[in-house]
There are 2 protein chains.
Amino acid sequence: MSIIIAVDIGGTQIRAAAYRRGNLEPVQVQRSPTQGAGAPFERMCTLIQAIWPENMTVEKIVVALPGPVNPESGVVFSAPNISGWENFAIGPELEKRFGVRAKIGNDANLAALGEWRFGAGQGHHHVLYFTISTGIGGGVICDDRLLLGSRGLATEVGHISVMPDGRLCGCGQRGHLETFCSGPAIARYAGEQVASGVASSMGSIGKITARDVSEAANNGDALAIEALAQAGTLFGQALATFLHLFNPSIVIIGGGVSFSGKFLFDPIRESLAKHLMDPSYLKDLVITNAALGDEAGLMGALALGLLPDN
Amino acid sequence: MSIIIAVDIGGTQIRAAAYRRGNLEPVQVQRSPTQGAGAPFERMCTLIQAIWPENMTVEKIVVALPGPVNPESGVVFSAPNISGWENFAIGPELEKRFGVRAKIGNDANLAALGEWRFGAGQGHHHVLYFTISTGIGGGVICDDRLLLGSRGLATEVGHISVMPDGRLCGCGQRGHLETFCSGPAIARYAGEQVASGVASSMGSIGKITARDVSEAANNGDALAIEALAQAGTLFGQALATFLHLFNPSIVIIGGGVSFSGKFLFDPIRESLAKHLMDPSYLKDLVITNAALGDEAGLMGALALGLLPDN
């Protein structure tokens, strides 16, 4: 029985899981903090070693990485918060270390692949996936294939310009979708409004987070509802652009902010309908929450591992 | 020897050409005005009949259409200036009439396919193609496949929002790329400036066209150069968004406005470089003119015809 080892490198923890083909329940899972003593690559290798099966053949190792990668060369261009992983050939290094095929992917891209294969996107051939949390990432499945682009840098969905000369984005450019609709952007807006004297149940919170906004909205707080509506409205407008470009049959939204539910999704739907060039883009379109939650990275890595090597 | 019949339905004429596999020189070509007596479908059938080869088998008919189509069902949703072609099942109708397989595609999508297979994009696997003329259309090749979306409505590249609440677009929405960078948009800007008293060699022209602007720029007219630079700058900014989403290795720009050459391309390149989130998107990137000119539609239809049926 052959095994695929999936690794998900998150902001706080690295997880490694060993899967049998055809079985979504891992044989083994291990985790380790992303930050800590020693080189992150070595800590990852220790994890992989710890779950290496004794009497089964490991077919492939697949790693989901929080940054831009070239899936073909196995090079990660940069990974926020992981020092030393600039232009690091992690795929080839893993192959050298473990003697099996190693593949890598951007975590949001792989989450899209995971949702398509095992999650909310099952049965769809054209999938648009977003994860809205600290930033906005995502992935696109076209005709049952992950859209990667010539160097793996495609579908940076948070970095489309929605407001020329708008607010500065973490990437150095201005007016990107991420600057308006990410968790921190929603929290910032709420904080600014509170600071300017708008009444809100969030008034007593020191530093408001997107989770606070979501909770306050659930408790009927008008400012929180407005903050989410504003983000959803702009997201819906951007979504019209994405639909004009990708014409998916399903839009899947994951990440922490997606738990705001109807306070986010209703404005998204309303704004999307207003901004489409033609209502036919809505025909049979599903807009839904992600299904895999925190498992998206691991399941996406597994999904990539199950694809035939090219 | 089997034959593929390609048909290109343009604004002014319909052309039909019969090609042998492996030969880009058509065996027969016929043309007919798009507007005229009788139903357009019948005029197209007459053209096809006229080039139908006597001693060879016709394998397929492929039609390039100026409007949104569903390539899978063979339905054209609408075709500007062709009455009666709303939700018209042109593919199935052609199959019924001629008894051979018939396929259809949006003309800009097929032009992208043509440029990839026979034109400027040969050897590239990830191609972004634009045609800038009366409107802005285009197509995207991802991993050697045309990106169509779930109902064939993808890559409406002229209809991405670049300026929320900007000028009204022909599609009914606002602030789309097409409203700033199409031929009429460039001509309109030049006309407005002339009307407001800006000195220009175009001052004596009754109704300025994009071709006038292009010619005036070639003759050193400052306003014409500025009009093209303005359009190119905004196009370059939008191109950054496209690169973030598709990460192509080549950008091909065709259509009448592309003949403005450096007056358009230099500002595009400059603005693109300024608006990218990372210079790695420019690595090995080619930005170039389309190679097929008026043949793009026919060659694209041929390229589609040469692909294996799914």
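Definitions and cut-offs
- Residues numbered from 1 in each chain as written.
- Chains lettered and ligands numbered in written order.
- Predicted model: local features only at pLDDT ≥ 70, side-chain atom pairs only at ≥ 80, totals over all residues.
- Pairing = 2+ DSSP bridges.
- Helix = DSSP H or I, 4+ residues; strand = E, 2+ residues; numbered from the N terminus.
- Buried ≥ 20, exposed ≤ 12 C-beta atoms within 10 Å, placed from the backbone.
- Domains from an automatic or database assignment.
- Contact = placed C-beta atoms within 7 Å.
- Least-squares fit on C-alpha atoms with pLDDT ≥ 70 in both.
- Expected span 1.5 Å × (residues − 1).
- Core = buried A, V, L, I, M, F, W, Y, C linked by C-beta atoms within 7 Å.
- Nonpolar A, V, L, I, M, F, W, Y, C, P; charged D, E, K, R; others polar.
- Axes fitted to C-alpha atoms, helices over the stretch in contact; angles between N-to-C directions.
- Parallel < 35°, antiparallel > 145°, perpendicular 65-115°, else oblique.
- Left-handed = near helix turned anticlockwise from the far one by under 90°.

Chemist: Pulling in residues and values, what's your account of the sheet that holds strand β9 (residues 136-142) of chain B?
Modeler: Residue and element names in this part refer to chain B. Here we have 5 strands laid out as an open sheet, ordered β10-β9-β8-β11-β12, and mixed in their pairing. With partners counted over all chains shown, the strands left at the sheet margins are β10 (145-146) and β12 (286-289), one partner each. Sheet analysis places strand β8 (residues 127-132) next to strand β11 (residues 250-254), joined by 5 bridges and oriented parallel. Along β11, the bridge assignment pairs V127 with I250.

Chemist: Could you give an account of unusual backbone geometry, naming the residues involved and the relevant values?
Modeler: Working note: non-glycine residues mostly have negative phi, and peptide bonds are mostly trans. In this structure, D143 of chain A is a non-glycine residue whose phi angle is positive, near 55 degrees. Within the secondary structure, D143 of chain A is located in the loop between β9 (136-142) and β10 (145-146). Under the C-beta neighbour-count criterion, D143 of chain A is labelled partly exposed, with 16 such atoms within 10 Å. Although it is not a glycine, N87 of chain B adopts a positive phi angle of roughly 50 degrees. Tracing the sequence through the fold places N87 of chain B in the loop between β6 (75-76) and α2 (90-98). Given 10 C-beta atoms within 10 Å, N87 of chain B falls into the exposed group.

Chemist: Go over the domain arrangement of chain A, please, and point to the residues and values.
Modeler: Residue and element names in this part refer to chain A. Taken domain by domain, chain A comprises domain 1 (2-112 + 295-306) and domain 2 (122-290). At the junction of the two partners, domain 1 supplies 10 residues and domain 2 supplies 16 residues. Mapped by element, the contributors of at least two residues to the side of domain 1 that touches domain 2 are β5 (69-70) and α3 (107-118). No other element matches α3, which puts 4 residues into the side of domain 1 that touches domain 2.

Chemist: Can you break down the relation of the copies chain A and chain B residue by residue, with the values?
Modeler: The operation relating chain A to chain B is a screw motion whose rotation component is 180 degrees, with 0.0 Å of axial translation and a residual RMSD of 0.0 Å. Here the two chains are linked by the operation of a two-fold rotation axis.

Chemist: So, helix α5 (residues 183-195) of chain B: which residues are in play, and what are the values?
Modeler: Residue and element names in this part refer to chain B. Helix length check: α5, at 13 residues, gives a terminal C-alpha distance of 18 Å against a target of 18 Å (1.5 Å per residue), a fit within 8%. Contact partners of the buried residues in α5: β8, α4 (178-181), α6 (210-218) and α7 (222-246). Downstream of α5 by one or two residues, G197 has phi in the positive range, about 105 degrees.

Chemist: Now, about the environment of E115 of chain B: what can you tell me, with residues and values included?
Modeler: With respect to the helices, strands and loops of the structure, E115 of chain B is situated in helix α3 (residues 107-118). Between the alpha carbons of E115 of chain B and A296 of chain B there is a distance of 7.0 Å; along the sequence they are 181 residues apart.

Chemist: Can you break down the nonpolar core residue by residue, with the values?
Modeler: By size, the foremost hydrophobic cluster in this structure holds 206 residues, and its most contacted members are V7 and V213 of chain A together with V7 and V213 of chain B. When near neighbours in sequence (up to four residues on either side) are disregarded, V7 of chain A contacts I14, R15, A16, M44, I48, I61, V63, A64 and A301 of chain A.

Chemist: Run through the interface of chain A and chain B, naming residues and quoting values.
Modeler: Listed per partner, the contact involves 37 residues of chain A and 37 residues of chain B. The greatest single-element share of the side of chain A that touches chain B, amounting to 6 residues, is contributed by helix α7 (residues 222-246) of chain A. Each residue belonging to the side of chain A that touches chain B can be placed in one class, and the counts come to 16 nonpolar, 16 polar and 5 charged.

Chemist: Kindly report on the pairing of strand β2 (residues 13-20) of chain A, identifying the contributing residues and their values.
Modeler: Counted residue by residue, β2 of chain A has 6 buried out of 8 residues, so it is predominantly covered. Here strand β1 (residues 2-9) of chain A hands over to β2 of chain A after 3 residues, the two strands then running antiparallel side by side.

Chemist: Could you give me a rundown of helix α9 (residues 296-306) of chain B, with the residues and numbers involved?
Modeler: An α-helical segment advances 3.6 residues per turn. Residues three or four places apart therefore align on the same side. Residue and element names in this part refer to chain B. Among the 11 residues in α9, 10 count as buried, and that is most of the element. Three or more residues of α9 are buried, namely A296, G297, L298, M299, G300, A301, L302, A303, L304 and G305. Of the surrounding secondary structure, the elements contacted by the buried residues of α9 are β1 (2-9), β2 (13-20), β4 (57-65), β7 (101-106), α3 and β11.

Chemist: Give me the lowdown on the packing of helix α6 (residues 210-218) of chain A against α7 of chain A, citing residues and values where you can.
Modeler: Residue and element names in this part refer to chain A. Axis separation between α6 and α7 bottoms out at 7 Å; the angle between their running directions is 120 degrees. In terms of orientation, α6 and α7 fall into the oblique class. Where α6 crosses over α7, the handedness of that crossing is left-handed. The residues of α7 that touch α6, namely those facing V213, A216 and A217, are A224, I225, A227 and L228. For the contact of α6 with α7, the per-class residue count stands at 7 nonpolar, no polar and no charged.

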